[in-house]
Amino acid sequence: MMILKLVLALMSIVLTRGVHGQMVQMDSSKSGFVGSQVELRCQFVNSNPPVKISQVTWQKLVNGTKQNIAIANPALGVSVLSPFKERVRFKNPAVRQRTPSLEDTTIVFNKLKLSDESTYICEYTTFPAGNRENMVNLTVYARPMIQMSPSTPSIVAGTKDLKMTVATCISANGKPPSVITWETDLDGESNTQEIRNPDGTVTVRSDYLVVPSRQIHQQLLTCISTYNDEQYTDSVMLNIQYEPEVIIEGFDGNWYLNRDNVQLTCLADANPSISLFQWRYLNGTMPSAAELRDDVLIFKGPVTYDIAGTYICDATNSIGTGSASVEVIVTEFPSYPHEVSQEPQLAGAIIGGAVVCGTVLLAAITLLVVFFYRRRCMFKGDYSTKKQILGNVYSKAGSVPSHPSLPNSLTFSEDSDEEKKLEIYRGSSILGRSIQEIHNCQDSRMKAYHTGLNEDHERCGRSEQTYIYDYGSEVEVSVDMISQMDGSVISKEEWYV
């Protein structure tokens, strides 16, 4: 039973829409800025066959109550009620004709006000279908007024590190409210607050605080106000007033007797500018050679010991007075300080070090070359060139001797003939004595050279020749051979290497 009732109700709705089919078309929302113009669209979609439009009424919804704005009636014409009479009109001229066409009853709002923000209803009265309506929400925005200014015309730098407001940025009567930021190199902070106005707008105020000092004088401070993706900027140049900061120039530490054209200059940084300069001499009365010319103290004539002493300059403006002093020392003779920049010294040190290192390296290479060259020239053979006098298995460079071999050893087997042993032993003894005689001859040569005795020298020469003739060139025993502990001999050249 319930299902049947639901089906009948749905069929009734479908049939009614099919028979009537009327519809009021409007935008769901519209917006505009204060003082601008906005259109509120309202169009009637009639049925087929069409219904008769008896009247169209525009209404404003105020606190749940409908307030008539404009009425279009085929018989009575068009009527716009106060307070909208001067600012609201129907856009389609056909609405105002004697035989009006009311399918399009769009209205135009001129000179929007914040109070125009509301919900608006467009209602069609038809016969025999009855009333059809729709609604639109109108939002009104307000662009803010941006203003930036210093907190006071003159900001005085203080002696204490206390932050104070140096500039203020205001975005007044905005809807929605603006967002304020600051752009600056100063090391300060901002303080921002919002004030809601009775008409629905918001005023945003932002103060910038910093410690006022001479360092921030003439620094640029920029306020950036962002409103609905739009940015507005305003800037101010800070004007900080401070007392003078004074220095004295002119004394270079080289004021000597009879020097000409010397003077002292008082330089002051101040805001506002200096109104008075005063010079003082701490060592008594100002020297007669000193001439005061505002911020310059000129010394007439050549320098004397009388102008030596301490000078003070006082500079005054409306904020305060600043002072500086200098002690003038007069010497008998001029001084010429040896001033050499560090960069040339460093460059000279680098170049000198490079030259020294190169010289040492070249000398070391030269010594090594000379050493190896002399060693190569002095070394005639290898370290295995000992000569074994007794005819053992060693010979020069380990080679087999070319002359008839001497007895290999003085050891004999048990069955050897005793007479053969005696002959071999005698032969080796003779060989040993011959070698000793050769070395004795070497000493004799040296003595003969110094004493002039040639007899021993001739005898030694014959002995060497006889020895070489008997044993061949392999032994090569001469004056440049040195005997060893094992009975062998070695060249003196190889010995000293």
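Residues numbered from 1 in each chain as written. Predicted model: local features only at pLDDT ≥ 70, side-chain atom pairs only at ≥ 80, totals over all residues. Heavy atoms only, no water.

Colleague: I would appreciate a short explanation of the state of the cysteines in the present structure.
Modeller: Should the sulfur atoms of two cysteines be covalently bonded, the bond is a disulfide. Scanning the entire structure with this criterion turns up three disulfides. Between the sulfur of Cys42 and that of Cys122 lies a disulfide, 1.9 Å long from S to S. The sign of the S-S torsion, about -80°, decides the handedness of the disulfide formed by Cys42 and Cys122: left-handed. Of this pair, Cys42 sits in the loop between strand 3 (38–40) and strand 4 (43–45) while Cys122 sits in strand 10 (residues 118–127), placing them 80 residues apart in sequence. For Cys266, the disulfide goes to Cys313, at an S-S distance of 1.9 Å. The S-S bond linking Cys266 to Cys313 shows a torsion near -95°; that makes this disulfide left-handed. One end of the pair, Cys266, is in strand 22 (residues 262–271); the other, Cys313, is in strand 26 (residues 309–316), and 47 residues separate them in sequence. Taking relative accessible area as the criterion, Cys266 reaches 1% and is therefore assigned buried. (Disulfide = S-S within 2.5 Å. Helix = DSSP H or I, 4+ residues; strand = E, 2+ residues; numbered from the N terminus. Buried < 20%, exposed > 50% of the residue type's maximum accessible area, 1.4 Å probe, protein only.)

Colleague: Help me understand the pattern of salt bridges, please; the structure alone is not making it clear to me.
Modeller: Proximity of charged atoms lets side chains of opposite charge pair with each other. According to the stated counting rule, one finds 13 salt bridges in the structure shown. Residue Arg87 pairs with Asp116 through a salt bridge whose shortest N-O separation is 2.7 Å. With Arg87 in the loop between strand 7 (77–80) and strand 8 (88–90) and Asp116 in the loop between strand 9 (107–109) and strand 10, this pair connects stretches of sequence that are 29 residues apart. Note on accessibility: Arg87 and Asp116 belong to one class, buried. The closest approach of N and O atoms between Arg280 and Asp314, which form a salt bridge, is 2.9 Å. One end of the pair, Arg280, is in strand 23 (residues 276–281); the other, Asp314, is in strand 26, and 34 residues separate them in sequence. Look at the salt bridges and you will find they share partners, linking Arg214, Glu245 and Asp269 into a network. (Salt bridge = Lys/Arg side-chain N within 4 Å of Asp/Glu carboxyl O.)

Colleague: I tried to follow the sheet that holds strand 11 (residues 130–141) on my own but got confused; where do I start?
Modeller: Pairing between the strands of a sheet is mediated by backbone hydrogen bonds and can be parallel or antiparallel. Taken together, the six strands give an open sheet; going across it, the order is 2-11-10-5-6-7, and neighbouring strands pair in mixed fashion. Either end of the sheet is taken by a strand with one partner, and the two such strands are strand 2 (29–33) and strand 7. Neighbour-to-neighbour, the strand axes of this sheet turn through a mean angle of 25°, independent of strand direction. Note that strand 5 (residues 52–62) and strand 6 (residues 65–73) share seven bridges and pair antiparallel. Residue pairing across strands places Gln59 opposite Asn68, the latter belonging to strand 6. (Pairing = 2+ DSSP bridges. Axes fitted to C-alpha atoms, helices over the stretch in contact; angles between N-to-C directions.)

Colleague: I tried to follow the pairing of strand 22 on my own but got confused; where do I start?
Modeller: Residues in a regular strand project their side chains so that they alternate between the two faces of the sheet. The sheet contact formed by strand 20 (residues 240–249) and strand 22 spans six bridges and is antiparallel. By the bridge assignment, Ile247 is partnered in strand 22 with Leu267. The pairing of strand 22 with strand 25 (residues 296–299) spans four bridges and is classified as antiparallel. Across the sheet, Val262 pairs through a bridge with Phe299, a residue of strand 25.

Colleague: Explanation requested: the nonpolar core in the structure shown.
Modeller: Soluble, globular proteins show a tendency: their nonpolar side chains are buried together. The biggest cluster of nonpolar side chains holds 29 residues, and the ones touching the most others in it are Leu40, Trp58, Phe109, Tyr120 and Tyr124. Among the secondary structure elements, those contributing two or more residues to this core are strand 3, strand 5, strand 6, strand 8, strand 9, strand 10 and strand 11. Leave out the neighbours within four places in its chain, and Tyr120 touches Met26, Leu40, Trp58, Gln59, Lys60, Ile69, Phe109, Asn134, Met135, Val136 and Leu138. By size, the runner-up hydrophobic cluster in this structure holds 21 residues, among which are Cys266, Trp279, Leu297 and Ala324. (Core = buried A, V, L, I, M, F, W, Y, C linked by side-chain atoms within 4.5 Å. Contact = heavy atoms within 4.5 Å.)

Colleague: Help me understand unusual backbone geometry, please; the structure alone is not making it clear to me.
Modeller: It is generally the case that most residues other than glycine have a negative phi and that most peptide bonds are trans. The residue after Lys175, namely Pro176, is reached through a cis peptide bond having omega 0°. Position of Pro176 among the secondary structure elements: in the loop between strand 14 (164–174) and strand 15 (179–183). The phi dihedral of Asp294 is positive, around 60°, even though this residue is not glycine.

Colleague: When you look at the environment of Val202 in this model, what are you seeing that I'm missing?
Modeller: Secondary-structure assignment places Val202 in strand 17 (residues 202–210). Setting aside residues no more than four positions away along its own chain, Val202 makes contact with Ser171, Ala172, Asn173, Gly174, Pro177, Glu194, Ile195, Arg196 and Asn197.

Colleague: Is there a simple way to explain a nonpolar patch on the surface in this structure?
Modeller: Together, Leu361, Ile365 and Val369 line one region of the surface with nonpolar side chains, adding up to about 290 Å² of accessible area. Position of Leu361 among the secondary structure elements: in helix 2 (residues 342–378). The class for Leu361 is exposed, based on a relative accessible area of 54%. (Patch = residues over 30% accessible without salt bridge, like charges linked within 9 Å, V, L, I, M, F, W, Y side chains within 5 Å. Areas by Shrake-Rupley, 256 points an atom, 1.4 Å probe, with all protein chains shown as cover.)

Colleague: Looking at this model, I keep getting lost on the packing of aromatic side chains. Mind explaining?
Modeller: The geometry of two aromatic rings is summed up by the distance between their centres and the angle between their planes. Evaluated as defined, the whole model comprises 10 aromatic pairs. Centre to centre, the rings of Phe33 and Tyr141 are 5.6 Å apart; their planes meet at 50°, and the pair counts as tilted. One end of the pair, Phe33, is in strand 2; the other, Tyr141, is in strand 11, and 108 residues separate them in sequence. In this structure Phe33 comes out as partly exposed when scored by relative accessible area, which is 21%. Residue Tyr141 is classed as partly exposed on the basis of its relative accessible area, which comes to 26%. Ring geometry for Trp182 versus Tyr208: centroids 5.4 Å apart, planes at 50°, classification tilted. Of this pair, Trp182 sits in strand 15 while Tyr208 sits in strand 17, placing them 26 residues apart in sequence. (Phe/Tyr/Trp six-rings, centres within 6.5 Å; stacked < 30°, edge-to-face > 60°.)

So yeah, pure geometry; function would need other evidence.
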